[in-house]
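Descriptive analysis of the structure
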Amino acid sequence: MKIASWNVNSLNVRLPHVERWCAEAMPDILALQETKLEDAKFPVAALEAAGYHSVYSGQKTYNGVAILARTPISEVEHGIAGFDDPQRRILAATVGDLRIVNLYVVNGQAVGSEKYAYKLDWLAKVGAFLAEEIRRHPRLVVMGDFNIAPDDRDVHDPAAWHEQILCSTPERDALRRVLDIGLVDSFRLFNQDGGHYSWWDYRQGAFRRNLGLRIDLVLASEALRAHCRAASIEREPRTWERASDHTPVVLELEDGR
DNA sequence: ATGGTTGTGAAACAA
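Quantities reported herein were computed from a predicted structural model and do not represent experimental measurements.

**Overview of the sheet that holds strand β3 (residues 53-57)**
On the basis of which strands lie adjacent, the open sheet formed by six strands has the order β3-β4-β2-β1-β14-β13 and mixed pairing. With partners counted over all chains shown, the strands left at the sheet margins are β3 and β13 (228-233), one partner each. Put simply, the sheet's adjacent strands are angled 15° from each other on average, direction ignored. Here β13 pairs with strand β14 (residues 249-253) via five bridges, running antiparallel. In the sheet register, Ser232 faces β14, and the bridge partner there is Val250.

Structure follows, in structure tokens:
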């Protein structure tokens, strides 16, 4: 069972990349962020032809999340009940015996900005939502673009990024509170090294020089911890022509019961 | 060098 997350930065532009990567990597479940597509324009038929069911929550120009799966998808939740947020960043669904939550966490722009305050408030609300999700669905995977580098190993230049956006202590504390619900950063179950990133700025040849951050995460609930078999960051799609600035991150789970 | 690149959508804005 291969589970993956990928910020595609426009599914309109990246659909050929998604089709290609799915054909090569054959993920069973794929969470997409920044689809930037209204629901009416979601490429359901193309993804069905590629072998995937899809559910999605999108909007024009910004944000947008989707969950693709090779088996049927049920119990879809769009956003958080009681949090009337026009930004489409949260999608939850059940695939087989797994509960999947796909998050496109607020970027926050700059520490101290209005968007930064929104990010921290958003993370607190999401934390409360996830506490309920894990209670109802112990076999929970929470994945997406977290827009937070968990610690300095996940940052190419920790001094330059010190207390900057994506790396500040309040953001890392907010992520810690999410993990404390009973989730583990699956990549760190298998690799303790720095230098492994999931996002590289488009500018100044950052990918070629591996100047990146690891901000795309697949979190597994404690109930799934013993079933995690491998985790990886798939750098190849970032080398393709007209690539997203993010690359897919993968968790392999022991096959279901 | 307060730069640089990409996506959306037609000028900024977001990342």
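**Description of the nonpolar core**
Core analysis: the largest hydrophobic core is formed by 26 residues, its most contacted members being Ile29, Ile100 and Met143. For this core, the secondary-structure elements that each account for two or more residues are β2 (29-33), β4 (65-69), β6 (90-95), β7 (98-104), β8 (140-145), β12 (216-221), β13 and β14. Core analysis: the next-biggest nonpolar cluster, separate from the first, contains 25 residues, Ile80, Ile90, Leu123 and Phe129 among them.

**A closer look at the pattern of salt bridges**
Tallied over the full model, the rule gives 20 salt bridges. Of the charged contacts, one joins Arg99 and Glu133 as a salt bridge, the two residues approaching to 2.8 Å between their closest N and O atoms. Note that Arg99 is positioned in strand β7 and Glu133 in helix α3 (residues 114-136), a separation of 34 residues in sequence. Comparing Arg99 with Glu133, the two get one shared label, buried. Of the charged contacts, one joins Arg153 and Asp151 as a salt bridge, the two residues approaching to 2.8 Å between their closest N and O atoms. What makes Asp151 partly exposed here is its relative accessible area of 24%. Within this structure, Glu77, Arg99, Glu133 and Arg136 form a network of salt bridges that share partners.

**Remarks on the packing of aromatic side chains**
Summed over all chains, the structure comprises three aromatic pairs. Centre to centre, the rings of Trp6 and Trp21 are 5.8 Å apart; their planes meet at 70°, and the pair counts as edge-to-face. You can see Trp6 sitting in strand β1 (residues 2-7) and its partner Trp21 sitting in helix α1 (residues 11-25), a full 15 residues away along the chain. Residue classification places Trp21 among the buried residues on the basis of a relative accessible area of 3%. Relative to Phe207, the ring of Trp200 has its centre 4.7 Å away and its plane inclined at 85°; by these criteria the two rings are edge-to-face. Of the two residues examined, Trp200 and Phe207, each falls in the buried class.

**Observations regarding the environment of His227**
Examined against the element boundaries, His227 turns out to sit in the loop between α7 (222-225) and β13. Note on His227: relative accessible area 24%, which makes it partly exposed. In this structure, His227 is in contact with Arg139, Glu252, Leu253 and Glu254, ignoring residues within four places of it in sequence.

**Some thoughts on the pairing of β14**
Most of β14 is tucked away, with four of its five residues classed as buried. Bridge analysis of β1 against β14 gives four bridges, and the strand direction is antiparallel. Across the sheet, Ile3 pairs through a bridge with Leu251, a residue of β14.

**Observations concerning the UniProt feature "binding site: Mg(2+)" (unreviewed entry) in chain A**
The positions UniProt marks with the feature "binding site: Mg(2+)" (unreviewed entry) are Asn7, Glu34, Asp145, Asn147, Asp245 and His246. Taken together, the annotated residues stretch across 240 residues yet fold into one region, lying no more than 12.7 Å apart by C-alpha. Structurally, Asn7 can be placed in strand β1. Once residues lying within four places of it in the same chain are set aside, the contact partners of Asp145 are Ser5, Asn7, Gln33, Leu103, Tyr104, Val105, Ile215, Asp216 and His246. A polar atom in the side chain of Asp145 sits 2.9 Å from the side chain of Asn7.

**Side note on the UniProt feature "site: Interaction with DNA substrate" (unreviewed entry) in chain A**
The UniProt entry lists His246 under the feature "site: Interaction with DNA substrate" (unreviewed entry), expressed in the numbering used here. Turning to its location among the elements, His246 is positioned in the loop between α8 (236-239) and β14. For His246, the contacting residues outside a window of four places in its chain are Trp6, Asn7, Asp145, Ser198, Trp199, Ile215, Asp216 and Arg238.

**Concerning the packing of α3 against helix α5 (residues 169-179)**
One can describe the packing of α3 onto α5 by two numbers: an axis separation of 9 Å at closest approach and a directional angle of 10°. The angle between α3 and α5 places the two elements in the roughly parallel class. Here Tyr116, Lys119, Leu120, Leu123, Gly127 and Leu130 of α3 lie close against α5, whose contacting residues are Pro170, Glu171, Ala174 and Val178. Here the contact of α3 with α5 is built from residues that sort into seven nonpolar, one polar and two charged.

Here is what the cut-offs are and how they apply
Residues numbered from 1 in each chain as written. Chains lettered and ligands numbered in written order. Predicted model: local features only at pLDDT ≥ 70, side-chain atom pairs only at ≥ 80, totals over all residues. Heavy atoms only, no water. Pairing = 2+ DSSP bridges. Helix = DSSP H or I, 4+ residues; strand = E, 2+ residues; numbered from the N terminus. Axes fitted to C-alpha atoms, helices over the stretch in contact; angles between N-to-C directions. Core = buried A, V, L, I, M, F, W, Y, C linked by side-chain atoms within 4.5 Å. Buried < 20%, exposed > 50% of the residue type's maximum accessible area, 1.4 Å probe, protein only. Salt bridge = Lys/Arg side-chain N within 4 Å of Asp/Glu carboxyl O. Phe/Tyr/Trp six-rings, centres within 6.5 Å; stacked < 30°, edge-to-face > 60°. Contact = heavy atoms within 4.5 Å. UniProt positions renumbered as here; feature names shortened; annotations may be inferred. Polar contact = N/O pair within 3.5 Å; in protein donor to acceptor, adjacent residues only side chain to side chain. Parallel < 35°, antiparallel > 145°, perpendicular 65-115°, else oblique. Nonpolar A, V, L, I, M, F, W, Y, C, P; charged D, E, K, R; others polar.

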